[in-house]
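Examining the three-dimensional arrangement
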Amino acid sequence: MQIERFAIDGPLLFTPPRFGDDRGWFCEHWNARRLADEAGLDVRFVQDNLSFTARPGTLRGLHYQAPPMAQGKLVSVVTGAVTDIIVDIREGSATYGQHAAVELSRETGVQLWVPPGFLHGFVTRTPDVHMLYKVTEYYSAEHDGSIAWDDPDLGIDWGVQDPVLSGKDAQAPRLAEHQARNGSIFPQGWDRT
């Protein structure tokens, strides 16, 4: 398995090997022992989520699930292609407010590990995108939230001018605005409590 790290500490990219012939290919999508041994990622996934997005240029994000229900996510594309974005919002992190972008597609099979403490979103590049999320915590509506995809303080270039958005994402506050009203989403020490 190929493992890549980011300049931002925590997220990882995994590319599982594919074994193919004239019928197609096979890959081991997830293996707990292998990820623990090869990447130091020892997590317990409790829920799998599958999303479908019909139109290219649809943007979902930037989402989070706050402590104590913070989620880590292993994200992959089953069909289609997306630009996936993560933003470090761990208060006190040396890379706080920085983001990274990665292309995920059925063709490459690349998987993205998004640790707790990050905003997550994606924009579809093709029609009929199916995404699979393995998550480390159950969904909690009470802890679910989103930050404005176009927050100028984050400076993310999504590659789209007028994306298709949900009502929730269209009305999401800027990160600074959210923190002024509610405090930090992931305050220092949150992961050690």
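What this report covers is the structure whose coordinates are included nearby. From a predicted model like this one, the values you see are computed outputs, not experimental measurements. (Residues numbered from 1 in each chain as written. Predicted model: local features only at pLDDT ≥ 70, side-chain atom pairs only at ≥ 80, totals over all residues. Heavy atoms only, no water.)

Examining the overall build of the protein
- Looking only at helices and strands, one finds three helices and 13 strands in the protein.
- Here the C-alpha atoms of the protein give a radius of gyration of 17 Å, agreeing with the 16 Å that 2.2 N^0.38 yields for 193 residues.
- In terms of principal-axis extent, the alpha carbons of the protein reach across some 55 × 40 × 30 Å.
- Put simply, the protein has 193 residues, and 47% of those count as buried. (Helix = DSSP H or I, 4+ residues; strand = E, 2+ residues; numbered from the N terminus. Rg over C-alpha atoms; globule rule 2.2 N^0.38 Å. Buried < 20%, exposed > 50% of the residue type's maximum accessible area, 1.4 Å probe, protein only.)

Let's talk about the side chain of Q71
- Mapped onto the fold, Q71 is located in the loop between strand 6 (59-65) and strand 7 (73-79).
- Within polar-contact distance, the side chain of Q71 engages the backbone oxygen of E137 at 2.8 Å.
- Setting aside chain neighbours within four positions, we find Q71 in contact with Q65, V114, P115, P116, V135, T136, E137, Y138 and Y139. (Polar contact = N/O pair within 3.5 Å; in protein donor to acceptor, adjacent residues only side chain to side chain. Contact = heavy atoms within 4.5 Å.)

Focus on the sheet that holds strand 13 (residues 144-146)
- With antiparallel pairing, the five strands of this open sheet are ordered in space as 9-8-11-6-13. Strands with a single pairing partner mark the edges of an open sheet, and in this sheet they are strand 9 (99-105) and strand 13. Between one strand axis and the next, the sheet turns through 25 degrees on average, direction left out of account.
- As paired strands, strand 6 and strand 13 are joined by three bridges and run antiparallel to one another. By the bridge assignment for strand 13, Q65 is matched with D144. (Pairing = 2+ DSSP bridges. Axes fitted to C-alpha atoms, helices over the stretch in contact; angles between N-to-C directions.)

Describing the packing of aromatic side chains
- The full count for this structure, using the stated rule, is three aromatic pairs.
- Both rings, one in F45 and one in W113, keep their centres 6.2 Å apart while their planes meet at 75 degrees; by these two values the pair is edge-to-face. Of this pair, F45 sits in the loop between helix 1 (32-39) and strand 5 (47-53) while W113 sits in strand 10 (residues 111-114); the two residues are 68 residues apart in sequence, bridging distant segments of the chain.
- On the accessibility criterion, F45 (15% relative accessible area) is buried. (Phe/Tyr/Trp six-rings, centres within 6.5 Å; stacked < 30°, edge-to-face > 60°.)

Looking at the sheet that holds strand 5
- Strand order across the open sheet formed by six strands is 1-2-10-7-12-5, with antiparallel pairing between neighbours. Strand pairing shows two members of the sheet lacking a second neighbour, strand 1 (2-5) and strand 5, which therefore form its edges. Recorded for the sheet is a direction-independent mean angle of 20 degrees between the axes of neighbouring strands.
- Pairing between strand 7 and strand 12 (residues 129-135): six bridges, direction antiparallel. What sits directly across from K73, in strand 12, is V135.

Some words on the pairing of strand 7
- Across the seven residues of strand 7, five count as buried, placing the element largely inside the fold.
- Summarising the sheet, strand 7 and strand 10 pair through four bridges and their orientation is antiparallel. Bridge pairing links L74 to W113 in strand 10.

Regarding the nonpolar core
- The biggest cluster of nonpolar side chains holds 20 residues, and the ones touching the most others in it are L62, V87, L119, L154, W158 and I185.
- Counting residues per element, the ones that place at least two in this core are strand 6, strand 8 (81-88) and strand 11 (118-124).
- Ranked by residues supplied to this core, first place goes to strand 6 with three residues.
- Aside from chain neighbours lying at most four places away, what touches L119 is L62, H63, Y64, I85, I86, V87, I89, I147 and L154. (Core = buried A, V, L, I, M, F, W, Y, C linked by side-chain atoms within 4.5 Å.)

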